Structures are given as structure tokens and as C-alpha cells.
Amino acid sequence: MKRFAYAALCAAVIFLPTVASAQEVYHREVHQQHRITQGVENGSINKREYRSLERKEASLNAARRHDLRNGRLTSRERQQLNRRENSISHSIYHDKHN
């Protein structure tokens, strides 16, 4: 399980955004990935919760890459990604504290 979490974190690092406007979103993704890994390691996040969180993170990564296809994020795209990050953050908190 730890290898998979580490592999997922490494995969997130590969998709470094080249645009400054995407840095905030990217750094939140990395931080949340770290929170998920910590939850798995200390046992507060089970396999089902882990898979669900990873699917949400993967979906967010795909949306970010899609939004960056023109080279930058619009303010609306940034707001949408930020809302999705907030939702994932709440899910991580709930899963770690249930």
C-alpha cells in the first residue's frame, strides 16, 4: 500500500504545471496527496476511502491538465479547481477522522 501511495505521489510530481497561475492548485494537490499518504500509513484511511480519494484526485488532475491546454488558467477555471480542491480536502478530513 505504501508503494502505491508513493507511486501516486511521484506521478503527481511528473505533471508539474508550467504556468505560474496553476502553481497554487498544484501545491494544494501535492499537500493533499501527502495528507492521504499519512492517513493510509497511520491506518485512519482504509482501502475503500483511499481508492475514492485517489479517483477524486485523478479527476482533478485531468481537469487541471485539460484547463491548461491553452497554456494558462482563467479565473473561472481556477475558481472551479479551487472548489474541487476544497471538496477533496473536506473528504480527506472526514475520512481521517471517522
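Residues numbered from 1 in each chain as written. Predicted model: local features only at pLDDT ≥ 70, side-chain atom pairs only at ≥ 80, totals over all residues. Heavy atoms only, no water.

Novice: What am I meant to see in the confidence of the model for the protein here?
Specialist: Note: predicted coordinates in regions of low pLDDT should not be interpreted at a detailed level. Overall, the predicted model of the protein reaches an average pLDDT of 83, with 78% of residues at or above 70. In the predicted structure, residues 14-20 sits below a pLDDT of 50 and forms 12 contacts with residues beyond four places in sequence or in another chain. (pLDDT = per-residue confidence, 0-100. Contact = heavy atoms within 4.5 Å.)

Novice: Explain the nonpolar core to me, please; I cannot follow it from the model alone.
Specialist: General note: in soluble globular proteins, nonpolar side chains tend to be found buried as a group. Core analysis: the largest hydrophobic core is formed by 13 residues, its most contacted members being Ile 36 and Leu 81. The set of elements that each furnish at least two residues to this core consists of helix H2 (23-42), helix H3 (47-67) and helix H4 (75-96). The element that contributes the greatest number of residues to this core is H3, accounting for 4 residues. Here Leu 81 is in contact with Val 25, Leu 60, Ala 63, Arg 64, Asp 67 and Leu 73, once residues within four sequence places are set aside. (Core = buried A, V, L, I, M, F, W, Y, C linked by side-chain atoms within 4.5 Å. Buried < 20%, exposed > 50% of the residue type's maximum accessible area, 1.4 Å probe, protein only. Helix = DSSP H or I, 4+ residues; strand = E, 2+ residues; numbered from the N terminus.)

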